[in-house]
Amino acid sequence: MEDVAREAGVSGQTVSRVVNARGYVGAATRERVELAMQHLGYRPNSAARALRSGRFRTIGVVMFSFSSYGNQRTLDAIAVRASQRGYALTLIPVESSAVETVAGAFRRIEEHAVDGIIIVLEAHQLDEADVEIPAGMPIVLVDSNRGTTHPFVDTDQAQGARLATEHLLELGHETVWHVTGPAESYSAERRREAWQATLEAAGRPAPTAIFGDWSAESGYRAGLQLRERDDVTAVFAANDQMAIGLVRAFREAGLDIPDDVSVVGFDGLPDAAQLWPPLTTVQQHPERVGALAVDALLVELDGGDPPRTPLVSTELVVRGSSAAPRAR
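Under an unreviewed UniProt entry, the chain has the name Lactose operon repressor and belongs to Microbacterium oxydans.

In structure tokens, the structure reads:
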């Protein structure tokens, strides 16, 4: 760093600010320092910097399922925001909620040189494993409040389900059927509770929810049941994939979407607008969730007190799959 300072004609403190991306350095001075670093072949020594600062500049992420749309987008957002803040990621996947699997993931993440951990596991996955979250380590939970003292970030699941259900009621449907996610899922439970509460508040009957597993295939199976009834005019599916399966089942039976049955999903998949008819859905924002999780963790690392329950709002995107019920 002294060689770089001499080459660039600046102080060692200025070089340190450029290397660590801390403090203000003018654009011309920064460019001069960076050119000197390139000319001299200088590379910051991360191990030495960690010893000096006590920071490894690395965030650990423990995550279950990379296959879901929400988790993919959340991980992307975590990676982007971490990079913007000068941090790298160490990613540990969790294949199941078995105790040895989750405990093993926590052991592996503790073995790595990380400053803090973002845990993207639903509450039931932590509860079923019955493992202790690493003590003494700054931690932020995503998609689960688990009733712990750790800060968490989540989509406002209840708000999104309420928007979907109210939309269908306002169109004139007598009630709204629901295809929910797995019984043990925190997100599915919050959406299911809000759907039922919205119907009850409106004085409408709440049909028995049909359980799926987030897949389009499970939505299709639910549709096979629902299309046999003549009192089903509106269905709210807990995610867009299951809504896609529903639409297929209804259309195979000769039912028109939305004249015979309105369908609303949840997630805001990019391809939902390209279906026929385009799918009405609740747009969630996993990119905001991921960015907030990183920000909250870094507040903890700096000794601050991050907000405990930041909920990211959703929006209803109305398209062609929902309409007033056909006159009978």
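Asks: Before we go on, may I ask you to explain the side chain of His173 in this structure?
Replies: With respect to the helices, strands and loops of the structure, His173 is situated in the loop between α8 (157–170) and β6 (177–180). One polar contact links His173 to Ser262, side chain to side chain, over a distance of 3.4 Å. Apart from residues no more than four positions distant in its own chain, His173 is found in contact with Leu168, Arg204, Thr233, Ala234, Ser262, Ala323, Ala324 and Pro325.

Asks: Explain the side chain of Asp267 to me, please; I cannot follow it from the model alone.
Replies: Mapped onto the elements, Asp267 comes out in strand β9 (residues 262–267). Buried within the structure, Asp267 lacks any salt-bridge partner; its nearest side chain of opposite charge belongs to Arg191, at an N-O separation of 4.4 Å. Polar contacts involving the side chain of Asp267 include one to the side chain of Gln284, which spans 2.5 Å.

Asks: Even after reading the chapter, I still don't get unusual backbone geometry, so can you show me in this structure?
Replies: Note: most residues except glycine have negative phi, and most peptide bonds are trans. Cis geometry is found at the peptide bond from Ile257 to Pro258, where omega equals 15°. You can see Pro258 is positioned in the loop between α11 (240–252) and β9. Cis geometry marks the peptide bond from Trp276 to Pro277; its omega dihedral reads -5°. Although it is not a glycine, Trp214 adopts a positive phi angle of roughly 80°. Phi at Asp267 is positive, roughly 145°, even though this residue is not glycine.

Asks: Teacher, can you tell me more about the nonpolar core here?
Replies: Across soluble globular proteins, nonpolar side chains have a tendency to be buried as a group. Ranked by size, the top nonpolar core spans 21 residues in total, and within it Val179, Leu226, Val235, Leu246, Phe250 and Val263 carry the most contacts. Among the elements that make up this core, the one with the highest residue count is α11 (five residues). In terms of nonpolar packing, the next biggest core, distinct from the first, is built from 20 residues, Leu75, Tyr87, Ile118 and Ala293 among them.

Asks: So what exactly am I meant to see when it comes to the packing of aromatic side chains here?
Replies: Any pair of aromatic rings gets described here by the distance separating the centres and the angle formed by the planes. Applying the stated criterion to the full structure yields one aromatic pair. A ring pair is formed by Phe236 and Phe266, whose centres lie 6.5 Å apart and whose planes are at 40°; its orientation type is tilted. Residue Phe236 is found in strand β8 (residues 234–237), and its partner Phe266 is found in strand β9; the two are separated by 30 residues along the sequence. Comparing Phe236 with Phe266, the two get one shared label, buried. Of note, Arg191 hangs over the ring of Phe266, and the distance from its end group to the ring centre comes to 3.8 Å. The aromatic ring of Tyr220 is capped on one face by Arg248, whose charged end is 3.9 Å from the ring centroid.

What counts as what
Residues numbered from 1 in each chain as written. Predicted model: local features only at pLDDT ≥ 70, side-chain atom pairs only at ≥ 80, totals over all residues. Heavy atoms only, no water. Helix = DSSP H or I, 4+ residues; strand = E, 2+ residues; numbered from the N terminus. Polar contact = N/O pair within 3.5 Å; in protein donor to acceptor, adjacent residues only side chain to side chain. Contact = heavy atoms within 4.5 Å. Buried < 20%, exposed > 50% of the residue type's maximum accessible area, 1.4 Å probe, protein only. Lys, Arg positive; Asp, Glu negative; His and termini not counted. Salt bridge = Lys/Arg side-chain N within 4 Å of Asp/Glu carboxyl O. Core = buried A, V, L, I, M, F, W, Y, C linked by side-chain atoms within 4.5 Å. Phe/Tyr/Trp six-rings, centres within 6.5 Å; stacked < 30°, edge-to-face > 60°. Lys NZ or Arg CZ within 6 Å of the ring centre and 35° of its normal.

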